[in-house]
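Reading the structure
Each chain is listed here by its residues.
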Amino acid sequence: MTMTTATMPAGPLPAWCDGTLVCTRVDDVTADVRTFVLEPTEPRLFRHEAGQYLTLLLDIDGRPVERCYTIASPPTRPDVVAITVKRVSGGLVSNWLHDHLTPGTTVRARGPLGEFSTARHPAPKYLFLSAGSGVTPVMSMTRTLYDLARPVDVVFLHSARTFEDIIFRQELAFMTATTPQLRVAHVLDDRGERLNPELIREHAPDLLEREVFACGPDGYMRDVRRMLATAGLDMAHYHEESFSFPTSDVALAAPAGQHEYERAPDSGQGFSVEFTRSGRTIDCDADSTVLAAAASAGISLPASCGQGMCGTCKTTLLAGSVDMPHKGGIRPREIADHKILLCCSKPLDDLVIDA
């Protein structure tokens, strides 16, 4: 994760990248995790908030693919950006990066994107909870606090399969040894350990005084929300980032960006959605997003994060209106130009969409 100082602007930062980056270094982190260090092809400093991400725009086997990756490097080191990627068995993008992104290779990217950032929630005490690759945004936050020598109390609980699978293990150990304000503990599956309320209380007895940031797979996040709510945490002080959106990445045959979506229960009020390019028309109830309804109807549309952050599913609304709560993946001028994000748009009447 990345985290900026409390004095940085709270509003969205301007995009610093919508072009080409070159890989300058590749580091092995664990047996199946690598960090890719990227620099601009032209002199430029990167500016982002801790916890934000960038979107890689790749061409794999002749087809365009977009994927979102957290910027694991902190904004205190603005000459480079780094992403840390776990190889996934059968994964289209993760395997391509591990096999082909070597020093000297260029990739297209855009960013920064996202609102999951301690810069927007400065606090004297934090609790960071992560599982697996979900460690990357909180690691950026931790690196930032360390670089700035902020007198901020941080409890960092990370869940992994085994000791060898702990991402950034040695770096975290070094920071813990040299920073009394940082306490790190690991929860390991192969030891029969699971994150639970007692463990959280053991390491953070003052839980209710802390700002909490959590990132990991869906099941982990559901458990975390339940435990914290039961413990009495004011959930206004809870912030999460889902790390589940590469699920489509494990199937080579899956179209780029395709995800599995659950349709919300039918409200009884349905609308028609016409896709002008494919000539298909589907039904979408008022409680379902257009992307979810399309997936249920067997229509594959470009998408990546599924949460209104990355902008991959952005398209033009030709007719109709939608309710579109999003997380920064679309700009006001684009909304004024009738653009919508399919992943978070629910119909308010019949729609015609340029897709």
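Look a little higher up for the structure.
Reference entry: report on the structure contained in this document. (Residues numbered from 1 in each chain as written. Predicted model: local features only at pLDDT ≥ 70, side-chain atom pairs only at ≥ 80, totals over all residues. Heavy atoms only, no water.)

Quick look at helix H1 (residues 92–100) now. Each α-helix winds once per 3.6 residues, and so residues spaced three or four apart point in a common direction. A large share of H1 lies buried, amounting to seven of its nine residues. Those residues of H1 that sit buried are Leu92, Val93, Ser94, Asn95, Trp96, Leu97 and His98. Residues of H1 that are buried in the fold lie against strand S2 (33–40), strand S3 (53–60), strand S4 (63–70) and strand S5 (81–86). (Buried < 20%, exposed > 50% of the residue type's maximum accessible area, 1.4 Å probe, protein only. Helix = DSSP H or I, 4+ residues; strand = E, 2+ residues; numbered from the N terminus. Contact = heavy atoms within 4.5 Å.)

Turning to the side chain of threonine 84, a few remarks are in order. Of note, threonine 84 is situated in strand S5. Relative accessible area serves as the criterion here: at 8%, threonine 84 is assigned to the buried category. Reaching out from threonine 84, the side chain makes a polar contact with the side chain of threonine 35 at a distance of 2.7 Å. (Polar contact = N/O pair within 3.5 Å; in protein donor to acceptor, adjacent residues only side chain to side chain.)

Turning to the packing of aromatic side chains, a few remarks are in order. Per the counting criterion, the structure on display carries six aromatic pairs. What links up through ring pairs into an aromatic cluster is the set Phe116, Tyr126, Phe128, Phe156 and Phe213. (Phe/Tyr/Trp six-rings, centres within 6.5 Å; stacked < 30°, edge-to-face > 60°.)

Considering all chains together, one arrives at 20 salt bridges under this definition. Between aspartate 32 and arginine 161 there is a salt bridge whose closest N-O contact spans 3.6 Å. Here the residue aspartate 32 occupies a position in the loop between strand S1 (17–30) and S2, and arginine 161 occupies one in the loop between strand S8 (153–160) and helix H3 (169–178), the gap between them amounting to 129 residues. (Salt bridge = Lys/Arg side-chain N within 4 Å of Asp/Glu carboxyl O.)

The next point concerns the packing of helix H2 (residues 135–148) against H3. Running from N to C, H2 and H3 point in directions that differ by 35 degrees, and their axes come no closer than 12 Å. Like other packed secondary-structure pairs, H2 and H3 cross with a definite hand, here left-handed. Contacts from Met139, Thr142, Arg143 and Tyr146 in H2 reach Glu171, Leu172, Phe174, Met175 and Thr178 in H3. Residues of the contact of H2 with H3, tallied by class, amount to five nonpolar, two polar and two charged. (Axes fitted to C-alpha atoms, helices over the stretch in contact; angles between N-to-C directions. Left-handed = near helix turned anticlockwise from the far one by under 90°. Nonpolar A, V, L, I, M, F, W, Y, C, P; charged D, E, K, R; others polar.)

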